[in-house]
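One letter stands for each residue in the lines below.
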Amino acid sequence: MARPLVCLCLTAKTLAENVKIVESYKDFIDLVELRVDFLETDERLQIRDFPSMIDVPAILTIRQKIDGGLYEEGESSRTMLFARALAFADENPKKNFAYVDFEEDYHVPSLEDAAQAFGIKIIRSYHNMSSPVEDIVKKFETLRQNNYEIPKIAFMPHTLKDITKVFEVAESWSGSEQIFCAMGHLGLPTRILSEKLHSYLTYTSPSELLGNLLAIGHIDPITLNNVYRFRNINKNTKLFGITGYPLTVTSSPEMHNALFKKNNLDAVYIPFKSETIENAMNFAEVLDIKGFSVTIPHKETVIPFLKSTDKKAQDIGACNTVVRDGDSWKGYNTDALGFKKALLEFTGLKNLKGKRVAIIGAGGASRAIAYVVKECGAKACVFNRTLSKARIVAEKYGFEFATLGPENLEKLKKYSQIIVQTTSKGMASTEPSNIENDAIWFYDFSGKEFVYDIVYSPEVTPVMARAASFGCKVCNGLSMLRYQGEAQFDLFKQLV
């Protein structure tokens, strides 16, 4: 089977807007899907002309609301629209739609006969917007009625386990044409790795219209091609990735895939988010992933699944990197190395002797940071909303600990020479500092503090903006990400 095609879903309100979008993305796509249900009513009357307005093949789709679309006018009117779009076939096939998408329960013999007569391929689709398909192999067999139709399954997974099941059975349809995609925020691996699923195509949306199909979980074709090098993925491509939850913001794929490209390595690094580390480990086993990064909340819970860990991960009690070790897994902690290099670079110090450090948060990242602070000779206090968790991190290194709140303001002031913010507070937040996005919202900066926030998106977090306004020196976690990522890459590249 040829490599999967990249299809751009067109959901603008007018044909002219859609044509303009096709032109701007033409170097990154192979075909487009005209979503007629998104067009204004008057525009729908002109859809027969659309194939002649662009230079790539087009799929004709009029999706009903029940299947995730916007069309509500009824089946008779939808049938008329299909007929209007397929009528008067041109001798030049490029001026006709190349494909038409009919749902599995939509059978109009006259339209099907016309499509077959004009060389228009029928995509026979099944959509489940709320649940996964239990028996995908059987469902494909049911949809595959003849050799001129391409069966398509799109479903909404509930957990990463639902995605894993698809990859487990994908070889059973490797010799035929079909389309598969899992929707929503969990479905990204099926879009990037459609070659591994033997899918005829993968769907994308233009970045400016991603919000139109938000529930579907598309990415844009430029990201698919430039970040994930989609067109280079083949059966021999080695897989790496990152797991965590909710994993809404991560620059790791961009960084690692750029390093794979720079070093001419046949590998791809993908996100696979999971609420449980068990599902993430199972996904990694089934897909033969060679190594992966681990982030919130799995840095501690992953350790029991590993055969061995390096000394840093053992001492810290948290692991952010997992690699294949024969038939098992080995864990590493590169967070400590990355943070130490980033913090000393930020402060301009050779060590932290004589300094007092406030560590905000008590998760897996906090453990690595406490390790470094101790190693560099500073005194510290760990602040966390749950005191018992702060105690676990602090007592290991002989640090103080306290609850995170106004009741411990004086203690925070005592340890405020260097403040290291390790929680997810402020991640992806564009609002000014408030109680929801700033873990130390109750603290008034003097202007003398060094404030290091391990969050790196946005570039300036709410607490950083507030601290900078008082004259503090601030830094986000991008440097830590880069340094720990480079250490991860040194481990990953040995497995390609």
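Residues numbered from 1 in each chain as written. Predicted model: local features only at pLDDT ≥ 70, side-chain atom pairs only at ≥ 80, totals over all residues. Heavy atoms only, no water.

Please explain helix 1 (residues 15–25) as it appears in this structure.
One turn of the α-helix equals 3.6 residues, which is why residues spaced by three or four share an orientation. All buried positions along helix 1 are accounted for by Leu15, Asn18, Ile21, Val22 and Tyr25. Down the axis of helix 1, the buried set is contained in an arc of 120°. They therefore lie on one face. Within helix 1, the exposed residues directed more than 90 degrees away from the buried face are Ala16 and Lys20. Taken together, the buried residues of helix 1 touch strand 1 (5–10), strand 2 (31–35), helix 2 (41–44) and helix 8 (221–226). (Buried < 20%, exposed > 50% of the residue type's maximum accessible area, 1.4 Å probe, protein only. Helix = DSSP H or I, 4+ residues; strand = E, 2+ residues; numbered from the N terminus. Arc of directions from axis to C-beta. Contact = heavy atoms within 4.5 Å.)

For this particular structure, what's the right way to read the sheet that holds strand 13 (residues 321–325)?
As summarised here, the arrangement of the six strands in space is 10-9-11-13-14-12, forming an open sheet in which the pairing is mixed. Every interior strand has two partners, whereas the edge strands, strand 10 (267–271) and strand 12 (308–309), have only one. As paired strands, strand 9 (residues 238–243) and strand 11 (residues 291–294) are joined by four bridges and run parallel to one another. Looking at strand 11, one finds that Thr243 is bridged to Val294. Strands in contact with helix 9 (residues 252–262) are strand 9, strand 10 and strand 11; relative to strand 10, the strand with the most contacts, it is inclined by about 180°. The strands touched by helix 17 (residues 478–492) are strand 9, strand 10, strand 11, strand 13 and strand 14 (328–332); relative to strand 13, the strand with the most contacts, the crossing angle is about 10°. (Pairing = 2+ DSSP bridges. Axes fitted to C-alpha atoms, helices over the stretch in contact; angles between N-to-C directions.)

Help me understand the environment of Phe230 in this model?
Note that Phe230 resides in the loop between helix 8 and strand 9. Since its relative accessible area comes to 4%, Phe230 is described here as buried. Separated by 226 residues in the primary sequence, Phe230 and Pro4 place their C-alpha atoms 9.0 Å from one another. Contact partners of Phe230, with chain neighbours within four places excluded, come to Pro4, Val6, Arg191, Ile192, Ser194, Thr202, Leu224 and Asn225.

Would you mind going over the pairing of strand 17 (residues 400–403) with me for this structure?
The two faces of a sheet get side chains in turn, since along a regular strand they alternate between them. The pairing of strand 16 (residues 379–384) with strand 17 spans four bridges and is classified as parallel. From the neighbouring strand, Cys381 faces strand 17, where its bridge partner is Glu400. The β-α-β motif built from strand 16, the intervening helix 14 (residues 387–396) and the parallel element strand 17 has right-handed crossover chirality. (Right-handed = clockwise from strand over helix to strand, strands pointing away.)

Before we go on, may I ask you to explain the environment of Phe489 in this structure?
Within the fold, Phe489 resides in helix 17. Since its relative accessible area comes to 4%, Phe489 is described here as buried. Excluding anything up to four places from it in sequence, Phe489 contacts His256, Leu259, Phe260, Asn263 and Leu265.

Is there a simple way to think about the environment of Asn434 in this case?
Note on placement: Asn434 falls in the loop between strand 18 (418–421) and strand 19 (450–453). Separated by 29 residues in the primary sequence, Asn434 and Val463 have C-alpha atoms spaced 8.8 Å apart.

Help me understand the sheet that holds strand 15 (residues 356–360), please; the structure alone is not making it clear to me.
Where strands meet in a sheet, backbone hydrogen bonds hold them as pairs that are either parallel or antiparallel. With parallel pairing, six strands are arranged side by side in an open sheet as 17-16-15-18-19-20. If you trace the sheet from one side to the other, it starts and ends with strand 17 and strand 20 (473–475), each paired once. Going from strand to strand, the sheet's axes swing by 15° on average, the running direction of each strand aside. Examined bridge by bridge, strand 18 and strand 19 share four bridges and lie parallel to one another. In the sheet register, Ile419 faces strand 19, and the bridge partner there is Val451. Lying on the sheet, helix 14 is in contact with strand 16 and strand 17; it crosses strand 17 at an angle near 165°.

Please clarify how helix 3 (residues 75–86) should be interpreted in this entry.
Over its twelve residues, helix 3 extends 16 Å from the first C-alpha to the last, a length consistent with the 16 Å expected when each residue adds 1.5 Å. Tucked inside the fold, the buried residues of helix 3 contact helix 2, strand 3 (58–61), strand 4 (99–103) and helix 4 (109–117). Looking one or two residues past helix 3, Phe88 carries a phi angle of roughly 55°, positive in sign. (Expected span 1.5 Å × (residues − 1).)

What am I meant to see in the packing of helix 9 against helix 17 here?
Relative orientation and spacing of two packed helices are given, respectively, by the angle between their axes and the distance between those axes. The contact between helix 9 and helix 17 brings their axes to 10 Å, and the two run at 45°. Overall, the two elements helix 9 and helix 17 adopt an arrangement that is oblique. In terms of crossing hand, the pair formed by helix 9 and helix 17 is right-handed. Contacts between helix 9 and helix 17 pair Ser252, Met255, His256, Leu259 and Phe260 from the former with Leu481, Arg482, Gly485, Gln488, Phe489 and Phe492 from the latter. Broken down by class, the residue content of the contact of helix 9 with helix 17 amounts to six nonpolar, four polar and one charged. (Parallel < 35°, antiparallel > 145°, perpendicular 65-115°, else oblique. Left-handed = near helix turned anticlockwise from the far one by under 90°. Nonpolar A, V, L, I, M, F, W, Y, C, P; charged D, E, K, R; others polar.)

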